[in-house]
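Summary of the model geometry
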Amino acid sequence: MEEPQQHRLSIPRGVWVLGLVSLFMDTSSEMIHALLPVYLTTVLGAGMMTLGVIEGVAEAVAALTKLFAGALSDWLGKRKLLTALGYGLAGLSKPVFPLAPSIGWIVGARIVDRLGKGIRGAPRDALLADLTPPEQYQAAYGLRQSLDTAGAFLGPLIALALMVAWQVEIRTVFWIAVFPAMIATALVVFAVTDAPPARMAGHVDWPIRRQDMARLSRPFWAVLLIAVLMTLARFSEAFLILRVQGFGLALTFVPLVLVLMNIAYALSAYPAGLLAERAQPPHVLLLGMAALMAADILLAASTGLWMASGGVLLWGLHMGLTQGILSAMIAGTTPPDLRGTGFGLFNLATGLAVLLASPIAGALWSAWGPSGAFIGGTVLAGLTCAVLGMVIRTLPEFDQTAGSQRPTGRP
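Attention here is on the structure that accompanies the text. Fair warning: this is a prediction, and the values are worked out from it, not measured in the lab.

So, on to the overall build of the protein chain. A count of helical and extended segments in the protein chain gives 16 helices and zero strands. Across the protein chain, the fraction of contacts at a sequence separation of at least 24, relative to all contacts at a separation of at least 6, is 85%. Only carbon and sulfur atoms are counted for the fraction: they give 71% of the accessible area of the protein chain, which is about 16,700 Å².

Here we come to the nonpolar core. Of all hydrophobic cores here, the largest spans 90 residues; its most connected members are Tyr 141, Trp 315, Phe 343, Phe 374 and Phe 398. Here this core gets 12 residues from one element, more than from any other, and that element is helix α16 (residues 339-394). Beyond its immediate sequence surroundings of up to four residues, Phe 374 is in contact with Phe 235, Phe 239, Leu 240, Arg 243, Asp 296, Leu 299, Ala 300, Trp 315 and Trp 365. Membership of the second largest hydrophobic core comes to 18 residues, among which are Leu 35, Leu 40, Leu 162 and Ile 170.

Before going further, it helps to spend a moment on helix α15 (residues 305-332). Between its first and last C-alpha, α15 extends 41 Å over 28 residues, near the 40 Å set by a 1.5 Å rise per residue. With 21 of its 28 residues buried, α15 lies for the most part within the structure.

Attention shifts here to the packing of helix α5 (residues 80-93) against helix α9 (residues 170-190). Helix-helix packing is characterised by the crossing angle of the two axes and by the distance between the axes. Here α5 crosses α9 at 165°, and the two axes come no closer than 9 Å. Classified by the angle between their axes, α5 and α9 sit roughly antiparallel to one another. For the pair α5 and α9, the sense of crossing is left-handed. Taken together, the residues of α9 that come into contact with α5 (itself represented by Lys 80, Thr 83, Ala 84, Tyr 87, Gly 88 and Gly 91) are Ala 181, Thr 185, Val 188 and Val 189. Looking at the contact of α5 with α9 residue by residue, the class counts come to five nonpolar, four polar and one charged.

The topology assignment puts Thr 132 in the loop between α7 (103-131) and α8 (137-164). Polar side-chain contacts of Thr 132 include one of 2.7 Å to the backbone oxygen of Leu 128. Here Thr 132 is in contact with Pro 12, Val 15, Tyr 137 and Ala 140, once residues within four sequence places are set aside.

Because the α-helix completes a turn every 3.6 residues, residues three or four places apart line up on one side. A rise of 1.5 Å per residue sets the reference length of α5, with its 14 residues, at 20 Å; its end C-alpha atoms lie 20 Å apart and thus fit the reference within 8%. Those residues of α5 that sit buried are Leu 82, Thr 83, Ala 84, Gly 86, Tyr 87, Gly 88, Ala 90, Gly 91 and Ser 93.

This part takes up the environment of Asn 262. Counting through the fold element by element, Asn 262 comes out in helix α13 (residues 255-278). The class for Asn 262 is buried, based on a relative accessible area of 7%. The sequence separation of Asn 262 and Leu 313 amounts to 51 residues, and the corresponding C-alpha distance is 8.3 Å. Once residues within four sequence positions are removed from consideration, Asn 262 is found in contact with Thr 149, Ala 152 and Phe 153.

What follows covers the packing of aromatic side chains. Under the defined criterion, the tally for this structure stands at 10 aromatic pairs. Among the aromatic residues, those joined into a ring-pair cluster are Phe 235, Phe 239, Trp 315, Trp 365 and Phe 374. When the ring centre of Tyr 87 is taken as reference, the NZ or CZ atom of Arg 120 above it lies at 4.4 Å.

Right, let's talk about a nonpolar patch on the surface for a bit. A surface patch of nonpolar side chains, about 350 Å² in accessible area, is lined by Leu 154, Leu 157, Ile 158, Phe 253 and Leu 256. For the nonpolar patch, the element with the most residues is α8, which contributes three residues. Its place among the elements puts Leu 154 in helix α8.

Between α8 and α9, the shortest axis-to-axis distance is 10 Å and the interhelical angle comes to 140°. The angle between α8 and α9 places the two elements in the oblique class. As for the relative orientation of α8 and α9, their crossing is right-handed in sense. On α9, the residues that touch Ala 159, Leu 162 and Met 163 of α8 are Ile 170, Val 173 and Ile 176.

Another point: the environment of Asp 296. Tracing the sequence through the fold places Asp 296 in helix α14 (residues 281-301). Classification of Asp 296 by relative accessible area gives buried; the value is 0%. Placed 82 residues apart in sequence, Asp 296 and Thr 378 show a C-alpha to C-alpha distance of 5.6 Å.

The subject of this paragraph is the pattern of salt bridges. One pass over the structure, following the stated rule, counts nine salt bridges. In this structure, Asp 74 and Arg 79 form a salt bridge, with 2.7 Å as the shortest nitrogen-oxygen distance. For the pair Asp 74 and Arg 79, one class covers both residues: buried. Note that Arg 110 and Asp 113 form a salt bridge whose closest N and O atoms lie 3.4 Å from each other. Taken together, the residues Arg 110 and Asp 113, both in helix α7 and three residues apart, mark about one turn of the helix.

With respect to the element layout, Ser 217 can be found in the loop between α10 (210-215) and α11 (218-233). Note on Ser 217: relative accessible area 4%, which makes it buried. For Ser 217, the side chain forms a polar contact with the main-chain oxygen of Thr 333, separated by 3.1 Å.

Cut-offs and rules
- Residues numbered from 1 in each chain as written.
- Predicted model: local features only at pLDDT ≥ 70, side-chain atom pairs only at ≥ 80, totals over all residues.
- Heavy atoms only, no water.
- Helix = DSSP H or I, 4+ residues; strand = E, 2+ residues; numbered from the N terminus.
- Contact = heavy atoms within 4.5 Å.
- Areas by Shrake-Rupley, 256 points an atom, 1.4 Å probe, with all protein chains shown as cover.
- Core = buried A, V, L, I, M, F, W, Y, C linked by side-chain atoms within 4.5 Å.
- Buried < 20%, exposed > 50% of the residue type's maximum accessible area, 1.4 Å probe, protein only.
- Expected span 1.5 Å × (residues − 1).
- Axes fitted to C-alpha atoms, helices over the stretch in contact; angles between N-to-C directions.
- Parallel < 35°, antiparallel > 145°, perpendicular 65-115°, else oblique.
- Left-handed = near helix turned anticlockwise from the far one by under 90°.
- Nonpolar A, V, L, I, M, F, W, Y, C, P; charged D, E, K, R; others polar.
- Polar contact = N/O pair within 3.5 Å; in protein donor to acceptor, adjacent residues only side chain to side chain.
- Phe/Tyr/Trp six-rings, centres within 6.5 Å; stacked < 30°, edge-to-face > 60°.
- Lys NZ or Arg CZ within 6 Å of the ring centre and 35° of its normal.
- Patch = residues over 30% accessible without salt bridge, like charges linked within 9 Å, V, L, I, M, F, W, Y side chains within 5 Å.
- Salt bridge = Lys/Arg side-chain N within 4 Å of Asp/Glu carboxyl O.

Below, the structure written as structure tokens:
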């Protein structure tokens, strides 16, 4: 029991601070997002098509911003500036939600919020790698992911408690959500420091160039391919909500679906990082994909609320076993001066995959019902496992992407 305690204490302070920043901002965001669909439809009179357009535009803005923000952080050699700007924009968007007199204001706030997420994501993940010894990448990314996900289930829980126990109106919940966003922004501005410049000596040109892309290693592109396939196999959590709600869950308690998933996610992400330091990370990814297949099978076969809830828990376990590890593998397969670009490519590719995955699931649901959608997810997850196994066999260096080895960054 002593070794994990020492390991936890040895993780750099900056990693803990970035994790707490994520926790507070996600708490704020999820307090709003858990109630935003209801607010738009019942208070502002939006239709389902409007909801879809708002979310689609917001996520597209985030996806397109991620690549350029990561590359810009490489060019500047400074990560904190863009990380703080991204969190600051997200924080500034929060008061707009309770003040919004019309749907147009909500659209603007969501775009600014997602723009902030797009700006901060790759520089923050690259900064975390700059601050962390390579042998601790898996644990560090797992820890940040756990704290981030803790905010993702605390937000809906707080919103639910305010609405049910204290009969607080939605606008008041939105105002309360402003405070954790302010704390997150203050932490990143005053408590986060840049690592020594990540930029290589003499590297002064804009990094999105052909010769720089050629410096990204074969294992990096393999990680990117696997991440895209995983994302395609794992569609939006909205389908989890619809599946569970179909078994009679009262509308008031719908946020508990994401709470349940994120509890499993938060509790498994850090242990998964520690496991990946002792085993090879790709093998932990295979375990995570097995959890996703089990979740899909359980959700497809569910006949009641309890079975569906088990599928939701397994879904969260899959997230914990894969997301932090993928980020650590990206950090471990990119040269330090291109780390922001690497994370930008990673976030862009997976963001675009998210935009494809949900329409695929929606089409399967429309044609064959909820069981058809989750059976389709099982097939895609199985194909991803097959590709992952093939990559492990044919690309030996892909199996050496734990933090214990520093990659050269050459193909």
